[in-house]
Structure formats: C-alpha cells, structure tokens
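# What the coordinates show
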Protein chains: 2
Amino acid sequence: MSQSPPTPRPQGRRPGGADTRGEILEAARAVFTESGYGKATIRAIARAAGVDPALVYHYFDNKPSLFAATLELPFDPRSVSTEASSGGGGGARIIAGFLRRWDEADGPPGQALRTVIEAIASSEEAATSVREFLAERVWGEPGAGEDSERFYRFVSLVSAQLVGVAWARYLLRVEPLASATPEQIGEWVGPIIDRLRTGG
Amino acid sequence: MSQSPPTPRPQGRRPGGADTRGEILEAARAVFTESGYGKATIRAIARAAGVDPALVYHYFDNKPSLFAATLELPFDPRSVSTEASSGGGGGARIIAGFLRRWDEADGPPGQALRTVIEAIASSEEAATSVREFLAERVWGEPGAGEDSERFYRFVSLVSAQLVGVAWARYLLRVEPLASATPEQIGEWVGPIIDRLRTGG
C-alpha cells in the first residue's frame, strides 16, 4: 500500500510550485524586517507571498522555525564554514564576509540584524530555533577524533564574537566600528578568531 | 540677583529627599526589567518610587537618559576601568566580574541584559544614551600621549566582546557559555582582551 505524500491543493490562491518555499522565505524575511519578530504573523507572511497560510505551515512548522529559516541568506552558512576550516587568516575573511552581508541586506543598515536581536531577546522559542539553526546549518559537528568540548567552545565563542561586533557596529553604533569597512574590522578581529581556532 | 535653584515641592506625594534620586533609579530598574524598555513609562516609574513624575524629570532629562542611568550598578564602571588599566591578566578579571554582575542581577538570569539589548534594538534614543553613558562613565578618555584611534578601537572591541559573550550566554543560551562559570569564561576570553590591549 504505497501512498504518495499529500500534495498541497490550490485553495483560491496560488498553489505550491517548485519555488514556493523560496517565495515564502522571501516574504517572511520582508515581513519580519518590517514588523519585527513579535508583530509578524503567519497570516501576513502568507498574504505577502500570495499563498494560503496552510501552505506556510506545510513548509515550516511554526513561526520560530520559519524565522530561523529566514536567517539562511544573511549568514550564508556554507561560505562561513568553509572559511573557518580553511585556516591561516580565515578569521579576517569570516568577519569581513559576515559584516558585508549585513551591510548589503535590504532596508536601513542594521535593520536585518535588529530583527534577529529583537526576536532572540523577546522570545525564548525564537532563541531556541536560532540556536538549533546554528547547530544544524552553520557550526556542523566536531570531526572524527576532534575534542568536542573544544569544538563547541570555539564555535560558541566565534558566534559571540560575530554578534558582539555586529551589535556594536549596527545597533550601539560606536566608533570606529560603526564607520570602518568590513575589511578593516576583519583585520582587527580576524586574529582573535584565528587564535581561538588554534587554542592559543 | 542671586537665585537659589527651584526646590521640588510636595504635591500630595513624598517630596524629594537626600536619597530620592537613588530611589527613583531603583524603581526605574525594576520597572524597566519587568515591563521592558518600550512599555515602561515615567509615570509608572514615579508611581513605583512614590514620587511625582515631575520629580523624575527633575533628576533625569528623559526616558533614555534615565534608562542609561539605571545601567550604572550592573556595569560597575569603576571596577571595570580599574581592571582594564591594571594590565597583566586583567582581561580574565574583567570578563568574570562582568558576568558575575549579570548573574547576580535581580530577576531570572539574563533578564537585566535582555532589557538592555531590547532597549538598544528598539530605540535609537536609548542606543545613543547607552553610547554616551559608556563614553562618559565607563571608557574614560585616552591618556596624554596615547593614540586616541587605538584607544577607541580597544574600548569598542572590548565592549563588543563583553556584550557578545553575555548575549550568547543569557539570550542565545549556547553551550558551553550558558553553563560555564564566570571564571571559566574569563579564562577562555580574558587573553583576547589582554591581546587587544597590547595591540597583539
């Protein structure tokens, strides 16, 4: 008795197509940024994407996990992981790439980061979703034979470093971090990440 | 024509006494923590302190500057500055002391920090007040002959470091930062601050 998975059916709005998940994510990113995490609703996101709310729940379990999924693009997890494992001066590239992405995000500078910070500060569920997202999609797992305590200390301290610098640049807006280029900040902070990596 | 400054008059509530400023601050800290920065009102703070709202404005210009003033205790600026200038292993003491203060603040762990983060994320005026508070009360000024560019780079990067670690510990709650003792985290992160200080 083989059963094919249920196919989403049109309900008077646009049905789920090949790119529907991506379109929902794009709409969610815009609504979260504009309304803030707390006031954004699945209904508003579905409306912005031109789909039925049920279809949003089909792709994403709930608001926190949808929120975590919207973080994929600004963080670009793959390139960060690649840089982190490439060693030798990788710290500067991680910092610069991370800040360039927030610099280039839609809306006023720092607006995208503000949404993430506000979400995590205001909702433990959002914090949990972001933590799970980081664990599954950004940090990866310790390699075979790698000291796992050391690995998690490294990734959590690097995350703290990245968020601290972005927070000081975009939200507190303290100089020289507010006006420096991503590359300058990469030069200042990169060696910290390189040393955390080598345990120095 | 000498004029004495206007004396606050009783208005059916307790008049300003020697300790009134401190009592308003204590009430403000409680109201900001409980309601969050956005929903806290001068009226509610005055009520909690048992004084007239006019007296709150007598001591503090507005809500952002009152908010910045409530930060004095948790940051304990003097001891942080003293540690920072003492050199040699001071980084570990700065980190541990900073985290101990947030650990010991009233309310659930991280609640006090959550209020600060939320205030800065939601209000540019609050961000400006906190930035001015840090500049005037915590960072101080570069010493005579000291490179001021280098000085401000140091204090802003240390601030980013402290907030990043506290954010990861209390709000994102990522391990091992969430469960480690302030002293352990001081050992991990202290050398970063020491190196930033020596420009290494």
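Everything quoted here is computed from the prediction, not taken from an experiment.

On to the overall build of chain A. When you go through chain A residue by residue, the secondary structure sums to 11 helices and 0 strands. When the helices and strands of chain A are placed in sequence order, the string is α-α-α-α-α-α-α-α-α-α-α. Looking at chain A residue by residue over its 200 residues, the buried ones come to 48%. Relative to all contacts within chain A whose residues are 6 or more apart in sequence, the contacts with residues 24 or more apart total 70%. For chain A, the computed accessible surface area is about 9,900 Å², with 50% contributed by carbon and sulfur atoms.

Attention now goes to helix α8 (residues 111-122) of chain A. Residues and elements named next belong to chain A. Spanning 12 residues, α8 covers 16 Å between terminal C-alpha atoms, matching the ideal 16 Å at 1.5 Å per step. Taken across its 12 residues, α8 has 9 buried, putting it largely inside the fold. Taken as a whole, α8 has its buried residues at Ala112, Leu113, Arg114, Thr115, Val116, Ile117, Ala119, Ile120 and Ala121.

Turning our eyes to something else, we now look at the packing of aromatic side chains. Residue and element names in this part refer to chain B. Counting across every chain of the model gives 6 aromatic pairs over all chains. Ring centres 5.0 Å apart and planes at 85 degrees place the aromatic pair Phe151 and Tyr152 in the edge-to-face group. Taking the relative accessible area as the measure of exposure, Phe151 reaches 10% and is therefore buried. For Tyr152, a relative accessible area of 30% corresponds to the partly exposed category.

By a simple turn and slide, chain B fits onto chain A: the slide is 0.0 Å along the axis, the RMSD is 0.1 Å, and the turn is 180 degrees. Taken together, the rotation and translation relating the two chain copies correspond to the operation of a two-fold axis. Taking C-alpha positions as reference, the residue of chain B nearest the rotation axis is B:Gly164, located at 1.9 Å. With an isologous cut-off of 70% or more, the 100% of interface residues of chain B that recur at the interface of chain A puts this contact in the isologous class.

As a further point, take the interface of chain B and chain A. It is common to give the size of an interface as the accessible area that goes away when the parts come together. Contact with chain B, which involves 34 residues of that partner, is made by 34 residues of chain A. Buried area between chain B and chain A, summed over both chains or domains, comes out near 3,200 Å², and the portion from carbon and sulfur atoms is 71%. Taken together, the connections running from chain B to chain A amount to 2 salt bridges. The salt bridge partner of B:Glu124 is A:Arg173, with a shortest N-O separation of 3.6 Å. In this structure, the connection of chain B to chain A is made through 5 residue pairs in polar contact (both at pLDDT 80 or more). When residues of the side of chain B that touches chain A are traced back to their parent elements, those giving at least two are α8 (111-122), α9 (124-139), α10 (148-171) and α11 (182-198) of chain B. Split by residue class, the side of chain B that touches chain A holds 23 nonpolar, 4 polar and 7 charged.

Here is what the cut-offs are and how they apply
Residues numbered from 1 in each chain as written. Chains lettered and ligands numbered in written order. Predicted model: local features only at pLDDT ≥ 70, side-chain atom pairs only at ≥ 80, totals over all residues. Heavy atoms only, no water. Helix = DSSP H or I, 4+ residues; strand = E, 2+ residues; numbered from the N terminus. Buried < 20%, exposed > 50% of the residue type's maximum accessible area, 1.4 Å probe, protein only. Contact = heavy atoms within 4.5 Å. Areas by Shrake-Rupley, 256 points an atom, 1.4 Å probe, with all protein chains shown as cover. Expected span 1.5 Å × (residues − 1). Phe/Tyr/Trp six-rings, centres within 6.5 Å; stacked < 30°, edge-to-face > 60°. Least-squares fit on C-alpha atoms with pLDDT ≥ 70 in both. Buried area = accessible area lost by both parts, 1.4 Å probe. Salt bridge = Lys/Arg side-chain N within 4 Å of Asp/Glu carboxyl O. Polar contact = N/O pair within 3.5 Å; in protein donor to acceptor, adjacent residues only side chain to side chain. Nonpolar A, V, L, I, M, F, W, Y, C, P; charged D, E, K, R; others polar.

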